[in-house]
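Read off the chains here:
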Amino acid sequence: MTSSIPDSAPAGQGASSALSLHDARAFFEKALLHGIRHGIVPPEKVEAIGADAPKGMVQIARYFGTEFLRPDLERARERMVNLVSLDLLEESGGDLGRAAQMLREHTFLSRSKAGSDRLRRLIALPQSSNFGFLSTTGEPDVQQLSVWSLRSHAEYRAELERRTGIASAIATARWFAERLDVDESALEETGAEAEAVVRMGLLWHWMHPAAEAWPHAVSFEKRLSAMRRKGIPPPPRLPLPGGMPAEVAAVVEAQAPAVLADAVRVLDESVATRTLLRPMGSFRARYFLQDDPLAEVDDYHHGLDALLEAGGEEEGEPAAPASRTWERVTQGHEDEHSLLTLFLCLAAGVPRKTVLTEKAAASLVRRVRKHGWQPELAEEFIRDHAAGARRASYLALWKSFVDESGRTLLDPRDERLEEARALLRRECHVADGAE
């Protein structure tokens, strides 16, 4: 409730001197006073509220601590008024007259319980869209209720909107997963983000409308390669699956523009499919693909056979093994993080390592920004020393890193190196500890 000095203020007081008086009382108190002044809440109802309030305070104090300590009772009063105000605000939409009618028609303790129930429903909503973090317990703990019973109505509304959005994204991801036969346990085990599931469901529906199973990296790559060979252009508008519930349709329509934009890059032949699909790349972070190790192993062997048939090595001879230099430098570390660390060290002209400390990583970034880097040195090393069957994939891995990360590494605006170091922690092998 606000009031301000009218335009006809005494001489010497202009518009700039107008005062705004803010009523900081709880909404329950405003509604009760409004009801008394306008005869909405009769005297006997006011007496009933006065009799119920101490009982409610004791119950709340006992639930969150003890009813025998004055600080706990005072905090219980604050919680009780907050809970009643929350329910009145939600039901009345901030209308004092409607809120006063509610106080007349319902008991004070019932409004306190109604507010508590609203908080319980809020806390039961998911806080994260990551399937690996979904809670299986339905009853919120005392600590969460203790915190939220003292929060403002504005904080409640903001959190309710945020969590409702997350719940909708999860429901939509489940709809897509069920449609393409993905068990939720697979989403939980991989820590899939609901939004990534939705985006892939949309993208895959466009790429393969007749698909009956969720794609893994191999099936996605094969489908994409076929589309590129046929010269299929990006659609002017992303086709949406039919039969979507209203809640699902709302989430899908919100994600569709981003997926449509990504479809352009997916079809770009200058981006190698293996580069696009590398496990730690940006595409895999935004789009969920099922894990299918058997399919990937089988695809690797098929690729090796094709390499030999194409004459990548001397006919009748096995693919060349890695050199002793490669084995000595990598020390058996063939994971992407370690290899990218090694390649980056080569390009930056620093000692070759497969793991960096935080301090060494920061020093490497400073050197690159001062003296530049030579990505071609890493390419030469790969061609000269990597195993013949893996050279192409290593070169594609390095090219993808250079294309996606070069701007961040060399960005002079990142004066504190925060973005560059975050990039190295994500893409390379950076660990705490001494050199």
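Keep in mind the model is a prediction, meaning the values are calculated, not measured.

## Some words on helix H16 (residues 336-348)
- The terminal C-alpha atoms of H16 lie 18 Å apart, and with 13 residues this matches the ideal 18 Å at 1.5 Å per residue to within 8%.
- A large share of H16 lies buried, amounting to 11 of its 13 residues.
- When we look at burial in H16, the residues that qualify are Ser338, Leu339, Leu340, Thr341, Leu342, Phe343, Leu344, Cys345, Leu346, Ala347 and Ala348.
- Buried-residue contacts for H16 involve helix H15 (324-330), strand S1 (356-357), helix H17 (358-371), helix H18 (375-385), helix H19 (391-410) and helix H20 (418-427).
- A positive phi of about 75 degrees marks glycine 349, the residue just after H16.

## Looking at the pattern of salt bridges
- This model, assessed by the stated rule, comprises 21 salt bridges.
- Of the charged contacts in the structure, one is a salt bridge between arginine 265 and glutamate 404, with a shortest N-O distance of 3.2 Å. Here arginine 265 is found in helix H11 (residues 246-266), whereas its partner glutamate 404 is found in helix H19, with 139 residues between them in sequence.
- Residue classification places glutamate 404 among the partly exposed residues on the basis of a relative accessible area of 28%.
- One salt bridge connects aspartate 403 with lysine 399, and the closest N-O pair in it is separated by 2.8 Å. Linking aspartate 403 with lysine 399, this pair stays in helix H19, spanning four residues, or about one helical turn.
- According to the relative accessible area criterion, lysine 399 is partly exposed, its value standing at 44%.
- Here the salt bridges share partners, and the residues they tie into one network are Asp87, Glu91, Arg111 and Arg118.

## A closer look at a negative patch on the surface
- On the surface, a cluster of negative charge is contributed by Asp181, Asp183, Glu188 and Glu189.
- By secondary structure assignment, the location of glutamate 188 is in helix H8 (residues 184-190).
- Residue glutamate 188 is classed as partly exposed on the basis of its relative accessible area, which comes to 40%.

## Side note on the confidence of the model for the protein chain
- Across the protein chain, the average pLDDT comes to 83, with 86% of residues at 70 or higher.
- Note that pLDDT drops below 50 for residues 293-317; the model gives that stretch 23 contacts with residues more than four away or on any other chain.

Reading the values: rules and limits
Residues numbered from 1 in each chain as written. Predicted model: local features only at pLDDT ≥ 70, side-chain atom pairs only at ≥ 80, totals over all residues. Heavy atoms only, no water. Helix = DSSP H or I, 4+ residues; strand = E, 2+ residues; numbered from the N terminus. Expected span 1.5 Å × (residues − 1). Buried < 20%, exposed > 50% of the residue type's maximum accessible area, 1.4 Å probe, protein only. Contact = heavy atoms within 4.5 Å. Salt bridge = Lys/Arg side-chain N within 4 Å of Asp/Glu carboxyl O. Patch = residues over 30% accessible without salt bridge, like charges linked within 9 Å, V, L, I, M, F, W, Y side chains within 5 Å. Areas by Shrake-Rupley, 256 points an atom, 1.4 Å probe, with all protein chains shown as cover. Lys, Arg positive; Asp, Glu negative; His and termini not counted. Charge placed at Lys NZ, Arg CZ, Asp CG, Glu CD. pLDDT = per-residue confidence, 0-100.

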